[in-house]
Protein chains: 2
Amino acid sequence: MSPRLTGAELARVLFRPRSIAVVGASDNPVKLGGRPVDYLKRFGFRGRIIPVNPHRATVQGLPAFPSLDAVDGEIDLAMLMVDARGAAEAVRATGRRGIRAAIVGAAGFAETGPEGARLQAELLAAARETGVRVLGPNCLGLIGVADGVVPTFTSALDEDGGLRTGPVAFATQSGAFGTFIFSAAQRAGIGFSQFVNSGNESDLTTAELLDLLVGLAETKVLLAYLEGVSDGPTLLAAARKAHAADKPIVAVKVGRSAAGARAAASHTASLAGEDTVFDSVARQFGIVRVPGTEPMLDAAQIFATGRRARGRRLTTLSLSGGAGALMADEAEANGLTVGVWEEEWQRRMAAVIPAYGSSRNPVDLTASLISDTALLNRSLEVAVQHPGTDMIAVLLGNASRNGHELVAAIEKAYRATDIPIAVVWTGGDGRAPARLQELGIPCYPDPGRAAAALARLADHSLRPALPAPVRPEDCDPAAARAVVDAVRAAGRTRLDEAESARLFRAYRLPVAPSVPCGDAEEAVAAAAGLGGPVAVKVLSAAIGHKSDLGGVRLGLTDPGEVRAAATELLGLAGEYGRPRVLVQRMAEGRRTELILGAKRDPAFGPVVVAGLGGVLVEVLADSRAAVAPLDHPGAVRLLRSLRAAAVLDGVRGGPALDVDAAADAVVRLSWLASDLGEELAELDVNPLLLGPSGEGAVAVDGLVVLSGNRKSGGQA
Amino acid sequence: MSPRLTGAELARVLFRPRSIAVVGASDNPVKLGGRPVDYLKRFGFRGRIIPVNPHRATVQGLPAFPSLDAVDGEIDLAMLMVDARGAAEAVRATGRRGIRAAIVGAAGFAETGPEGARLQAELLAAARETGVRVLGPNCLGLIGVADGVVPTFTSALDEDGGLRTGPVAFATQSGAFGTFIFSAAQRAGIGFSQFVNSGNESDLTTAELLDLLVGLAETKVLLAYLEGVSDGPTLLAAARKAHAADKPIVAVKVGRSAAGARAAASHTASLAGEDTVFDSVARQFGIVRVPGTEPMLDAAQIFATGRRARGRRLTTLSLSGGAGALMADEAEANGLTVGVWEEEWQRRMAAVIPAYGSSRNPVDLTASLISDTALLNRSLEVAVQHPGTDMIAVLLGNASRNGHELVAAIEKAYRATDIPIAVVWTGGDGRAPARLQELGIPCYPDPGRAAAALARLADHSLRPALPAPVRPEDCDPAAARAVVDAVRAAGRTRLDEAESARLFRAYRLPVAPSVPCGDAEEAVAAAAGLGGPVAVKVLSAAIGHKSDLGGVRLGLTDPGEVRAAATELLGLAGEYGRPRVLVQRMAEGRRTELILGAKRDPAFGPVVVAGLGGVLVEVLADSRAAVAPLDHPGAVRLLRSLRAAAVLDGVRGGPALDVDAAADAVVRLSWLASDLGEELAELDVNPLLLGPSGEGAVAVDGLVVLSGNRKSGGQA
């Protein structure tokens, strides 16, 4: 086999091929095998089109070849229009001919059942064996909009109207629905650079396609329709590149609901991580997750302008006070602010609008605008100069008769600034919104949709730096390794509380001081040594829920109490193995419960989870995840993204909590999880007791379970 | 003045006038004064059009009259196209001529400042004086779509295309924005019966207009755009009628955000209640509140079909597995359920769809549908028979080439059932969705919008009965009256805790037993009499926050403790007036804090507020309001609508709480608030301690403040 293509080489043959062979090309341009040839001709592909058909000398007027081997010259890309049973052999033939990438359109693979899954495995084996990178199977191919690179048989290219070129690339796992969205976007005036359908993703995934697309100069915005993510690290790599290049990835991912996840799984037969993990990771890595198709296209429209917002302060100018009030509601519901202008700026605005308008913001230009379109220019000029205006919404409607003048006024103002401006145009005959979209000026039919798009623009514009985690120097992976090895040596995967505490201490997680004890007198001595009130707990890796078994005694101060508790709990422990108890110093002062944890996500690997403990987590299911390892700012953001984050600032008259200490614990836990890697099954710190600012955090209980995957060596 | 018109009479002259006089009619059909005449002619008004113009013998070809008095015969409605300064006199002339309703179009009233407010007061005085009911001022008039009743000067009637007739009536406070929405709705294929713009609402409010519109036979759905509600009771009366007639009211109300409320207030200068109260009341009275214009029109489309859902179970049929999965997500996010079909029904579905489709629900019909449209009929036939299908979503896209056949297939299936069906059609040339909408079949471009509309349909279809509260027989308004009178007699408006407790006990609210005491020995005796641990609290109407002053001692059992606490707190009380303490029995057992309250809303009168106490209310601002009085089911719904309602079912292994007891307390409090009426300023029960199911609730502290409005007599 040939050496694996680099990303740049792969992008070149997929998106800039100089020659495309269509294997199974039909002379009939309506048949599936005929369409790619027809489309490549019709949409102006300037490279060489090579029909391969053993039965014909010409195909649709082009010279045909009996086989790939019979073709002279270089071939960049093969479009394999053969059935599922012939696909693996076709890939091998592609590889033998020295072609490095192929598209497999046929269905009938893993999506249909076990026999199809076998064929797909065979196809993948052929790809790996030959080094040919495969798009598909069960995919429609791809569309390079600007230069007619259309190795695809999608009927979407039969829809009326030419293709609209622009800066938006779209990678979609779903074929049919992907083309519907593509078509809807084109009708909404959104210009595309690329459309790629990944289908069953036997080899090339949406994540890798996004990674390639980010690198294309003509692409400024990436859209993704995902049914599942199997290769989290590739997606994160793409997200890092996109973040650095300021090319937002706007993603719809199905599977938010149980029903959606079930449908996606049965549809794509792909192994996917948990949706809540994807959601958290998207937030962490700056992927703009949107709930559905229309919000995706609404966001694409405003991102495609290339403009960015320097803040969340929106100024609205409207022809109708009612529309301005609704826009203010929708903007604030989306996290933007619509503040009253400073008096000086109100005066400046008042000077250019009618006396019965309002210059406070929302700015009411009044219906005078209909007969005096220059009013729009005068007010927009003031708004773009106003230092407290980060974004502008202009609300108009109907006005089919003078829409032309209004559009001209907006265009003039738009060109004179780089502040993001969105137009809301409700009602009318549709010509003015279409014209604005042609001019590249975002236009929405509804204030709510404009507000959501503007808010996504602000979120992206103000996105935090990506995680740049560095392992704290005082972490001791070797000490952690020793704990793990000892547990393995004992033939266990579950750690007892004392072992869990040793593991945490290896990464300098604050753990309440404790002493494992084998008899009651040891416990009394340990309590005296620890000082202050103690907890006595049954100590056994075999007991999962100590409290449920009555295995915990809290707040003991008297030696007699400690002795009695230890004696009783040693008896309990004895029923499960060696009789032992843990004597632990009680945390002091008023503290709030947090729950920290770590687990392995099938797509993204080690993730940490943080939530508030007590009644809040139970009532609100209030926890968030992040890919490990995390840096400190990322850990703070994770905690602050909790729905009940207000608790961190102190409630019921209490002081603000030590968020820094909690974030530090999250960082250390994330490194432990990351270093344990595949060895970790599950890890919980429950609870971490968080004190007021400056008083730190302390873990008072923890549970660690190792996976069956034993690491041969290396860190931790 | 003439006797006030009944609702039926007013509806007749406004919406079914046999003659309309246009005062200030212009011969120029483009001028504001000329438009109503032009429109009445063009849109086919079949009654008499009476231009009034002292300077012309004819107006736009019709005989004109120098004044209303000069007109022969009956006049139902006067459209007054005069300026703000002439409006009051024009209304008086209208009344003199025996005309009972007038539309005042002019702006320049309360929306412009004090001078305008004066003119508006004068206008209202003229209306009251003459009995003429006035729409406006600062309004565009109204549009009776079916019969050309168009006394309006809105330029919306200049938009291209005729008016689409249908069952939807729209009342809007905003003129310009209202017409934009009207125009957008018409383009979206929504047919209207009426459009009315209320403008400044000097006399006729949107609420009263809705009340009139509900009574019109041709109206099946009501839309409202509200900037504020000043007459809550009228709105509730309209909601009751609409509820009984199964005519949903779908309302956008601005003012959700501070910025929106500010904009609406400055725009309309109307006194409005709190937005959160409106939100709660809408829920209570079955008003479908939507956040914005597009959701309103999306809901209107599906309500206009007249179909209702018998449950929330959605079956989705799609051409693309990806679209089905997204629809499932969006449906479940909106509170619908997309459940797997029973095996028997899966088999029935599998028998009519391709083998590589999915019959589980979401049902994947596969792209075969494009070439086999009968597949749509076969699968829809199975779906409408399936007993677990309450609603159906059909997801298609593109297919401009065979859209006609697909639409025909949908139409056939649609006519064969009364189950609600919504189509999602993404992409394509727009003809198929337009055709579906013409056929009255709801069609949306995006799964999320369809899901939201279907969910609103389900909510409305399953709406609970309206409140039918009956005062519990054991409430004793006379005893409450006596408490209030005594407080008034003492020259106070604030009740002390003992007085508040007496007031609550008069309505049989459960209050912890307590005894007011004037010295320490009395307190010791009281504690002994109450039995069990007691609280001793400083008792003074002058002290608002006892705890903040250290005025509360809890859990005292020993007489010495009681004596010491009483002595100290009597000293504290003495600083504020007569030295007194309250000795109160502590509530027993584990209990959860609720906060109940009542207040007067400027729009809706007495409302009760309920929330969970403790950290939840602080972190989540989790409370809900309802108009008083409430019935028991309404009180249960109020409590269950809290965001943290899961607490009521027991958390952290605890038992379910006594929701019935809490609801009973809410009902009693709501009657107390309702009977106190305008005398009540503010009332709090904080906390109400709620025990496990069967163990009741008990109020342990309360605060009542009376308003300055003293009732002369009557109940409570």
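A brief look at the structure comes next. Keep in mind it's a predicted model, so treat the numbers as computed, not measured.

The secondary structure content of chain A amounts to 23 helices and 28 strands. Partitioning the intrachain contacts of chain A with sequence separation of at least 6 by distance along the chain shows that 71% fall at a separation of at least 24. On chain A, roughly 25,500 Å² of surface is accessible, and the fraction owed to carbon and sulfur atoms is 53%. Of note, chain A has its 74 positive side-chain charges centred 4 Å away from the centre of its 79 negative side-chain charges.

An α-helix turns once every 3.6 residues. As a result, residues three or four positions apart point the same way. Residue and element names in this part refer to chain A. Looking only at helix H22 (residues 632-640), the buried set comprises Gly634, Ala635, Leu638 and Leu639. Axial view of H22: buried residues confined to an arc of 140 degrees, hence all on one face. Those residues of H22 that are buried lie in contact with strand S23 (592-601), strand S24 (605-612), strand S25 (623-627) and helix H23 (659-676). N-cap assignment for H22: the residue whose side-chain oxygen lies 2.9 Å from the backbone N of glycine 634 is aspartate 631.

This part covers the sheet that holds strand S2 (residues 48-52) of chain A. Residue and element names in this part refer to chain A. Within the open sheet, the five strands sit side by side as S2-S1-S5-S6-S7. Their pairing is parallel. The open sheet has two edge strands with one neighbour each: S2 and strand S7 (133-135). Averaged over all pairs of adjacent strands, the angle between their axes in this sheet comes to 20 degrees, without regard to strand direction. In terms of strand pairing, strand S1 (residues 19-23) meets strand S5 (residues 77-80) through four bridges, oriented parallel. When the sheet's bridge partners are listed, valine 22 is paired in S5 with methionine 79. Of the strands in this sheet, S1, S2 and S5 touch helix H2 (residues 35-42), which is tilted by about 155 degrees from S1.

Residues and elements named next belong to chain B. Relative to the assigned elements, methionine 79 resides in strand S5 (residues 77-80). Its relative accessible area of 0% is what places methionine 79 among the buried residues. Methionine 79 sits eleven residues away from alanine 90 along the chain, and the two C-alpha atoms are 10.0 Å apart. In this structure methionine 79 touches Ala21, Val22, Val23, Pro36, Ile103, Leu140, Pro151, Thr152 and Phe153, once residues within four positions along its chain are discounted.

The parallel open sheet is built from five strands, whose spatial order is S15-S14-S16-S17-S18 (chain B). Edge strands, defined here as strands with exactly one partner in the open sheet, are strand S15 (363-364) and strand S18 (443-444) of chain B. Taken together, the two bridges between strand S14 (residues 314-318) of chain B and S15(B) define a ladder with parallel strand orientation. Residue pairing in the sheet places Leu317(B) in a bridge with Val363(B) of S15(B). Contacts between helix H5 (residues 176-187) of chain A and the sheet are confined to strand S16 (391-397) and strand S17 (421-426) of chain B, with S17(B) contributing the most and set at about 70 degrees to the helix. Packing against the sheet, helix H15 (residues 431-438) of chain B makes contact with S17 and S18 of chain B, and its axis sits at approximately 160 degrees to S17(B).

Okay, the pairing of strand S22 (residues 581-585) of chain B next. All names here are of chain B. Summarising burial for S22: four of the five residues are buried, a large majority. Of the pairings in the sheet, the one linking strand S19 (residues 514-517) to S22 comprises four bridges and is antiparallel in character. Pairing of proline 516 across the sheet is with leucine 582, part of S22.

A word on the pattern of salt bridges. What the rule picks out here adds up to 102 salt bridges over all chains. Among the ionic pairs, Asp390(B) bridges to Arg313(B), the shortest N-O distance being 2.8 Å. With Asp390(B) in the loop between helix H13 (374-385) and S16 and Arg313(B) in the loop between helix H10 (293-303) and S14, this pair connects stretches of sequence that are 77 residues apart. Among the charged side chains, a network of salt bridges with common partners joins Glu294(A), Asp298(A), Arg449(A), Glu294(B), Asp298(B) and Arg449(B).

With that settled, the discussion passes to the interface of chain B and chain A. Listed per partner, the contact involves 82 residues of chain B and 82 residues of chain A. Around 6,000 Å² of area is buried between chain B and chain A when both sides are counted, 57% of it from carbon and sulfur atoms. A per-residue breakdown of the area chain B buries against chain A is headed by Phe180(B), Arg262(B) and Asp329(B), which together make up 11% of the total. Here chain B and chain A share six salt bridges between them. With a shortest N-O distance of 3.3 Å, Arg256(B) and Glu330(A) are connected by a salt bridge. At the boundary of chain B and chain A, one finds 28 residue pairs in polar contact (both at pLDDT 80 or more). The residue makeup of the side of chain B that touches chain A, split by class, is 38 nonpolar, 23 polar and 21 charged.

All names here are of chain B. Of all eight residues that make up strand S24 (residues 605-612), seven are buried, and the element is covered over most of its length. Relative to S24, strand S23 (residues 592-601) runs antiparallel, the two being bridged by eight bridges. Along S24, the bridge assignment pairs arginine 600 with proline 606. Count of turn residues in the S23/S24 antiparallel hairpin: three residues. Bridge analysis of S24 against strand S25 (residues 623-627) gives five bridges, and the strand direction is antiparallel. Opposite alanine 610, over in S25, you have arginine 624 as the bridge partner.

This part is about the packing of aromatic side chains. All names here are of chain B. Under the defined criterion, the tally for this structure stands at 14 aromatic pairs over all chains. Ring centres 6.4 Å apart and planes at 90 degrees place the aromatic pair phenylalanine 177 and phenylalanine 180 in the edge-to-face group. Of the two residues, phenylalanine 177 and phenylalanine 180 both sit in helix H5 (residues 176-187), three residues apart, roughly one turn of that helix. For the pair phenylalanine 177 and phenylalanine 180, a shared accessibility class is recorded, and that class is buried. Aromatic pair phenylalanine 177 and tyrosine 225: ring centres 5.4 Å apart, planes at 80 degrees, arrangement edge-to-face.

The next subject is the nonpolar core. One finds Trp425(A), Phe604(A), Trp425(B) and Phe604(B) to be the most contacted residues of the largest nonpolar core, which totals 302 residues. Judged by nonpolar contacts, the second largest core, of 110 residues, contains Ala501(A), Leu638(A), Ala644(A) and Leu648(B).

All names here are of chain B. Their axes nearest at 9 Å, the elements H13 and helix H14 (residues 403-415) cross at an angle of 20 degrees. Of the possible angle classes, the one that applies to H13 and H14 is roughly parallel. Judged by the twist between their axes, the crossing of H13 over H14 is right-handed. Residues Leu376, Asn377 and Leu380 of H13 form the contact with H14, whose participating residues are Leu406, Ala409, Ile410, Lys412 and Ala413. The residue inventory of the contact of H13 with H14, partitioned by class, reads six nonpolar, one polar and one charged.

Let's shift gears to unusual backbone geometry. Omega for the bond connecting Ala628(A) with Pro629(A) falls within 30 degrees of zero, at -5 degrees, which places this linkage in the cis form. Here Pro629(A) shows up in the loop between S25 and H22. The backbone of Asn138(B) shows a phi angle near 60 degrees, a positive value even though the residue is not glycine. Here Asn138(B) is to be found in the loop between strand S7 (133-135) and strand S8 (141-144). Take Asn138(B): its relative accessible area is 26%, and that puts it in the partly exposed class. A positive phi angle, near 70 degrees, is found at Thr366(B), a position not held by glycine. With respect to the helices, strands and loops of the structure, Thr366(B) is situated in the loop between S15 and H13. The exposure class assigned to Thr366(B) is buried, which follows from its relative accessible area of 5%.

The next subject is the relation of the copies chain B and chain A. Note on the copies: chain B fits chain A at an RMSD of 0.1 Å, the axial shift is 0.0 Å, and the rotation between them is 180 degrees. The transformation relating the two chain copies, once decomposed into turn and shift, fits a two-fold axis. Both copies present the same face, since 100% of the interface residues in chain B are matched by interface residues at the equivalent positions in chain A.

Residue and element names in this part refer to chain B. Take glutamine 301: it is sitting in helix H10. Glutamine 301 sits in the buried class, given a relative accessible area of 10%. Side-chain polar atoms of glutamine 301 contact the backbone nitrogen of cysteine 443, separated by 2.7 Å.

Inspection of the secondary structure assignment puts Ala625(B) in strand S25. The spatial distance from the C-alpha of Ala625(B) to the C-alpha of Thr557(B) is 38 Å, given a sequence separation of 68 residues.

Once that is clear, we can look at the packing of helix H1 (residues 7-15) of chain B against helix H6 (residues 206-214) of chain B. Residue and element names in this part refer to chain B. Relative orientation of the contacting elements H1 and H6 amounts to 90 degrees, with a least axis distance of 10 Å. Put simply, H1 runs roughly perpendicular to H6. Between H1, through Gly7, Leu10, Ala11, Leu14 and Phe15, and H6, the contact on the second element is made entirely by Glu208, Leu209, Leu212 and Leu213. Per-class residue counts for the contact of H1 with H6 are seven nonpolar, one polar and one charged.

The rules we used
Residues numbered from 1 in each chain as written. Chains lettered and ligands numbered in written order. Predicted model: local features only at pLDDT ≥ 70, side-chain atom pairs only at ≥ 80, totals over all residues. Heavy atoms only, no water. Helix = DSSP H or I, 4+ residues; strand = E, 2+ residues; numbered from the N terminus. Contact = heavy atoms within 4.5 Å. Areas by Shrake-Rupley, 256 points an atom, 1.4 Å probe, with all protein chains shown as cover. Lys, Arg positive; Asp, Glu negative; His and termini not counted. Charge placed at Lys NZ, Arg CZ, Asp CG, Glu CD. Buried < 20%, exposed > 50% of the residue type's maximum accessible area, 1.4 Å probe, protein only. Arc of directions from axis to C-beta. Polar contact = N/O pair within 3.5 Å; in protein donor to acceptor, adjacent residues only side chain to side chain. Pairing = 2+ DSSP bridges. Axes fitted to C-alpha atoms, helices over the stretch in contact; angles between N-to-C directions. Salt bridge = Lys/Arg side-chain N within 4 Å of Asp/Glu carboxyl O. Buried area = accessible area lost by both parts, 1.4 Å probe. Nonpolar A, V, L, I, M, F, W, Y, C, P; charged D, E, K, R; others polar. Phe/Tyr/Trp six-rings, centres within 6.5 Å; stacked < 30°, edge-to-face > 60°. Core = buried A, V, L, I, M, F, W, Y, C linked by side-chain atoms within 4.5 Å. Parallel < 35°, antiparallel > 145°, perpendicular 65-115°, else oblique. Left-handed = near helix turned anticlockwise from the far one by under 90°. Least-squares fit on C-alpha atoms with pLDDT ≥ 70 in both.

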